[in-house]
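# Results of the structural survey
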Amino acid sequence: QEFPAGDGGQGCFQIGDVGFGDCFAKLLGDGVICEGIILLGAEVVHDLLPQKDPFAFVDEVNSLDVVEGKDALTATKYVLGTEDYFKGHFPTEPIMPGVLQVEAMAQAGCLLAALKYEKEIEGKRPAFMGVDGCRFRRPVKPGDVLTLKVVLEKFRRGIMVFSGEIYCGEDAVCSATLTAAMV
């Protein structure tokens, strides 16, 4: 399946016969940056993520970008209101727990690493090492559509440092710096 690029027609991702690392290299080699579309839908995202339902918190990958040493990914999380955590957090005024917002950013970072560094991380999975400077600015409620933005700040010796932000529309929801190791 081929997804159209943001430049008006060139294909930027093929899923099936070509591996993600090859596709990513082709994407970069052609100088194509895809934005504003669904690069990877829920089925492919959930296949890539080591976390599975009900603990997968990324639904789509919308953009993938490399800017001179700053790899970035933008993804979407649809907060439906049917998620089990709303039953207890809090039943009369449900909000998405902050720790799950942080997990969503971490999973977006995991997807970025899987797409960009496929060969380097093959056979490994991410292990959380730390969360720094985390701030929550607005509650996440059923019906919200979250935009997850992650930037890979550093990747050395299997340790990745990401900066992450979550938005609901134009409103900042959460931000943090995340550290993970590939084990």
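Quick note: structure is the one above.
### Details of the overall build of the protein
Helix and strand counts for the protein stand at 4 helices and 8 strands. Ordered by position from N to C terminus, the α and β elements of the protein give β-β-α-α-β-β-α-α-β-β-β-β. Burial statistics for the protein: of 183 residues in total, 45% are counted as buried. A sequence separation of at least 24 residues applies to 60% of the contacts in the protein between residues at least 6 apart. Looking at the protein as shown, the accessible area adds up to about 9,500 Å², and 51% of this sits on carbon and sulfur atoms.

### Examining a nonpolar patch on the surface
Where nonpolar side chains cluster on the molecular surface, the patch consists of Tyr78, Leu80 and Val145 and spans about 270 Å² of accessible area. Locating Val145 in the fold gives a position in strand 6 (residues 145-156).

### Some points on the packing of aromatic side chains
This structure, assessed with the given rule, holds 4 aromatic pairs. For the pair Tyr85 and Phe86, a centre-to-centre distance of 4.7 Å together with 50 degrees between the ring planes defines the contact as tilted. Of the two residues examined, Tyr85 and Phe86, each falls in the buried class. Centroid distance Tyr117 to Phe155: 4.6 Å. Interplanar angle 65 degrees. Geometry classified as edge-to-face. Here the residue Tyr117 occupies a position in the loop between helix 3 (98-116) and helix 4 (118-121), and Phe155 occupies one in strand 6, the gap between them amounting to 38 residues. An aromatic cluster is present here, built from Phe55, Phe57, Tyr85 and Phe86 joined pairwise through their rings.

### Regarding the pairing of strand 7 (residues 159-168)
Judged from the 10 bridges that link them, strand 6 and strand 7 form a sheet pairing that is antiparallel. What sits directly across from Lys154, in strand 7, is Val161. Between the end of strand 6 and the start of strand 7, which pair antiparallel, lie 2 residues, with Arg157 showing a positive phi angle near 50 degrees. Summarising the sheet, strand 7 and strand 8 (residues 171-182) pair through 10 bridges and their orientation is antiparallel. Note on strand 8: the bridge partner recorded for Val161 is Thr179.

### Overview of the nonpolar core
Counting 45 residues, the largest nonpolar core has Val58, Leu73, Met96, Leu146 and Leu148 as its most contacted members. Secondary structure elements with two or more residues in this core: helix 2 (42-48), strand 3 (60-67), strand 4 (70-78), helix 3, strand 6, strand 7 and strand 8. Sequence-distant contacts of Leu146, that is, excluding residues within four places in its chain, are made with Ala75, Thr76, Lys77, Val79, Met96, Val140, Ile166, Tyr167 and Cys168.

### Describing the pattern of salt bridges
All told, the structure shown has 5 salt bridges when counted by the stated rule. Residues Lys87 and Asp84 are paired through a salt bridge, measuring 3.2 Å at the closest nitrogen-oxygen approach. This pair shows no difference in class: Lys87 is exposed, exactly as Asp84 is. Members of the salt-bridge network, linked through shared partners, are Arg138, Asp144 and Asp171.

### Details of the environment of Val173
Relative to the helices and strands, Val173 is located in strand 8. The buried category is assigned to Val173, whose relative accessible area is 0%. Considering only alpha carbons, one finds Val173 and Leu148, 25 residues apart in sequence, at a separation of 9.8 Å. Those residues in contact with Val173, other than ones at most four positions away along the chain, are Gln101, Arg135, Phe136, Arg137, Arg138, Val140, Ile166, Tyr167 and Cys168.

Each value, and the rule that gives it
Residues numbered from 1 in each chain as written. Predicted model: local features only at pLDDT ≥ 70, side-chain atom pairs only at ≥ 80, totals over all residues. Heavy atoms only, no water. Helix = DSSP H or I, 4+ residues; strand = E, 2+ residues; numbered from the N terminus. Buried < 20%, exposed > 50% of the residue type's maximum accessible area, 1.4 Å probe, protein only. Contact = heavy atoms within 4.5 Å. Areas by Shrake-Rupley, 256 points an atom, 1.4 Å probe, with all protein chains shown as cover. Patch = residues over 30% accessible without salt bridge, like charges linked within 9 Å, V, L, I, M, F, W, Y side chains within 5 Å. Salt bridge = Lys/Arg side-chain N within 4 Å of Asp/Glu carboxyl O. Phe/Tyr/Trp six-rings, centres within 6.5 Å; stacked < 30°, edge-to-face > 60°. Pairing = 2+ DSSP bridges. Core = buried A, V, L, I, M, F, W, Y, C linked by side-chain atoms within 4.5 Å.

None of the figures reported here should be taken as evidence of function without further support.
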